[in-house]
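An overview of the molecular structure
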Amino acid sequence: MKKPFVTAKQLESIIAQYPTPFHIYDEKGIRATARSLLAAFKWNPGFKEYFAVKATPNPAILKILKQEGCGVDCSSLTELMLAEACGFEGHEIMFSSNATPAEEYRYAAQLGAIINLDDITHIDFLEQAAGAIPQTICCRYNPGGDFTIHNQIMDSPKDAKYGMTREQLREAFLRLKAKGAEHFGIHAFLASNTLGGEYYPVLAGVMFEMAAWLQQETGVHIAFINLSGGVGIPYKPEDKPNDIAAIGRGVEAQFKAILAPAGMGDVAIFTELGRFMLGPNGHLVATAVHEKHIYKEYIGLDACAANLMRPAMYGAYHHITVAGKEDAPADQLYDVTGSLCENNDKFAIDRMLPKIDIGDRIILHDTGAHGFSMGYNYNGRLRSAELLLREDGSVELIRRAETPEDYFATLDVTGII
Ligand SMILES: *Cc1c(COP(=O)(O)O)cnc(C)c1O
């Protein structure tokens, strides 16, 4: 049973002030998640979570995470600007991008961020763009082939555009060292939204072995290993949530088996979790505005794929609760749709739900990461507001809804608006 973090009653008083659709985030849940992650890696003194800003780029959220001791992982100019505006500085910022514009490397270097190079050719590119190679530098690894856990293919790095080969990493470290770099990191992101708890420990094994090899080959000081994102969340009611404490212990076991004996016990572990941190701590709340019966039963919402793209883009499952009907039997078969002129604008297909009436509030679960932020303006649809449910139960508007003026802001439509 997936339970929303707001009750039907709470929702009605929120909606009286802020009309649907909106995204709402749960401060209490965000803090608890951050604390559980930090506790799981407490054994590693240098541990740091760099929250993937792209998942939920809102200053109110970033400030909560900052208070909990997190840094940020940025991948673009505006994400860097947002991090700076929220008070993140220097090594509290990771910059992990690819096909990076020179201007963004320059800006990241000015902020003193830890720069994660996606390719060996970026060494000269960064040096040119920023004027020098920073003392601390990171390189992204791509092992190629298929990434498997117990013979099960998790993903296929051979087809991924990211990172460098093992041999390129060795060469990159030597070149960076010759150009003055002193502290090195390795980064890899090999599988997304993983459940079962083994992804980080298996990845750590791969990364730690390589770090020991790289240190031997190049003699550089490896200061950190960035396991990046990829720890998943239970989108479906039958999914088992990841046990982050067990994941932390799994990484610790690899650390003790591989890095400590290699004399590399000072290596810091970094993570860049987005989905795990915020996913379950956000809902998209909409209202049922239409029902239609043709060859199937449809419920039309006042939200659409422009507010939550994952179902249309990936066929992703997002659990639905009809507020106030939590205990009603799910005995109706519906497609729950948005208003875009695209047939993939469906939040759910063939979903058993309680009978929905016009005006019912529809809660889409697990939209706190890669939800609002993937929004777009197709069909001239406007981005919704974002709200924050504070720990004391109050609700704060942390981003207003877009208006037509926002939509037209990049055009000259004088006289029309
Ligand atoms: C997207 C991304 C993340 C976050 O991934 P999650 O699946 O949300 O954990 C972290 N690091 C990088 C470089 C990314 O591109």
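Further up the page is the structure itself.
On a predicted model such as this, the values are computed, not experimentally measured, just so you know.

1. Some words on the site of the ligand
Within the structure, the ligand sits among 15 residues, and Lys54, Gly230, Glu272, Arg275 and His370 are positioned closest to it. Between the ligand and Lys54, the relevant distance is 2.6 Å, taken from an oxygen atom to a side-chain nitrogen or oxygen of the residue. Within the backbone of Gly274, an N or O atom sits 3.2 Å from an oxygen atom of the ligand. Protein chains bury 90% of the 390 Å² of accessible surface belonging to the ligand in isolation. Within the shell around the ligand, the residues separate by chemical class into three nonpolar, seven polar and five charged.

2. Considering the side chain of Asn281
With respect to the element layout, Asn281 can be found in the loop between α10 (275-278) and β12 (282-293). A distance of 2.9 Å separates the side chain of Asn281 from the backbone oxygen of Met277, its partner in a polar contact. In this structure, Asn281 is in contact with Phe5, Ile24, Tyr25, Asp26, Gly29, Ile30 and Thr33, ignoring residues within four places of it in sequence.

3. Examining the state of the cysteines
Inspection of every chain in the model, using the stated rule, returns zero disulfides. Looking at Cys86, it has no disulfide partner, and the nearest cysteine sulfur is the one in Cys74, 9.4 Å off. The closest cysteine sulfur to the non-disulfide-bonded Cys139 is located on Cys138, 6.6 Å from its own sulfur. With relative accessibility at 0%, the residue Cys139 sits in the buried group.

4. Let's talk about the sheet that holds strand β2 (residues 48-52)
The eight strands are arranged β2-β3-β4-β5-β6-β9-β10-β11 in a closed barrel whose pairing can be described as parallel. Adjacent strand axes in the sheet meet at a mean angle of 25° when their direction is disregarded. Both strand β10 (residues 221-226) and strand β11 (residues 268-271) contribute to a ladder of three bridges, which runs parallel. The residue of β11 that forms the bridge with Asn226 is Phe270. Relative to the sheet, helix α8 (residues 199-218) contacts β9 (183-187), β10 and β11, its axis offset from that of β10 by approximately 165°.

5. What about the pattern of salt bridges?
Taken as a whole and assessed by the stated rule, the structure comprises 26 salt bridges. Between Arg31 and Glu27 there is a salt bridge; the shortest N-O distance is 2.9 Å. On the criterion of helical spacing, the pair formed by Arg31 and Glu27 is a turn pair, its members being four residues apart in helix α2 (residues 27-40). In this structure, Arg31 and Glu27 share a single accessibility class: buried.

What counts, and at which threshold
- Residue positions within a chain follow its written sequence, with the count starting from 1.
- Since the coordinates come from a predicted model, pLDDT governs what is reported: local features require at least 70, and pairs of side-chain atoms require 80 or more to be given and counted, while whole-chain, interface and lining totals use all residues.
- To obtain the side-chain values, all non-hydrogen atoms of the structure were used and water was disregarded.
- Any residue with a non-hydrogen atom lying within 4 Å of a molecule or strand is treated as near it.
- Counted as a polar contact is a pair of N or O atoms within 3.5 Å, where, for protein atoms, one must be capable of donating a hydrogen and the other of accepting one, and residues adjacent in sequence contribute only when both atoms are in side chains.
- Each accessible area value is a Shrake-Rupley result obtained with a 1.4 Å probe; residue values ignore everything except the protein chains displayed when judging cover.
- Gly falls in the polar group here, along with every residue not listed as nonpolar (Ala, Val, Leu, Ile, Met, Phe, Trp, Tyr, Cys, Pro) or charged (Asp, Glu, Lys, Arg).
- In DSSP terms, a helix is any run of H or I states spanning at least four residues, a strand is any run of E spanning at least two, and both are numbered starting from the N terminus.
- Contact between two residues is taken to exist if any of their heavy atoms lie within 4.5 Å; hydrogens are not considered.
- Defined by distance alone, a disulfide is two cysteine sulfur atoms within 2.5 Å.
- For every residue, the accessible area obtained with a 1.4 Å probe (protein chains only) is divided by the maximum for its type, and the residue is called buried under 20%, exposed over 50%, and partly exposed between those limits.
- Paired strands, in this sense, are two strands between which DSSP finds at least two bridges.
- Axes here refer to lines fitted to C-alpha atoms; in helices the fit is confined to the stretch in contact. Angles between the N-to-C directions go from 0 to 180 degrees.
- By definition, a salt bridge exists where a carboxyl oxygen of Asp or Glu is found within 4 Å of a side-chain nitrogen of Lys or Arg.

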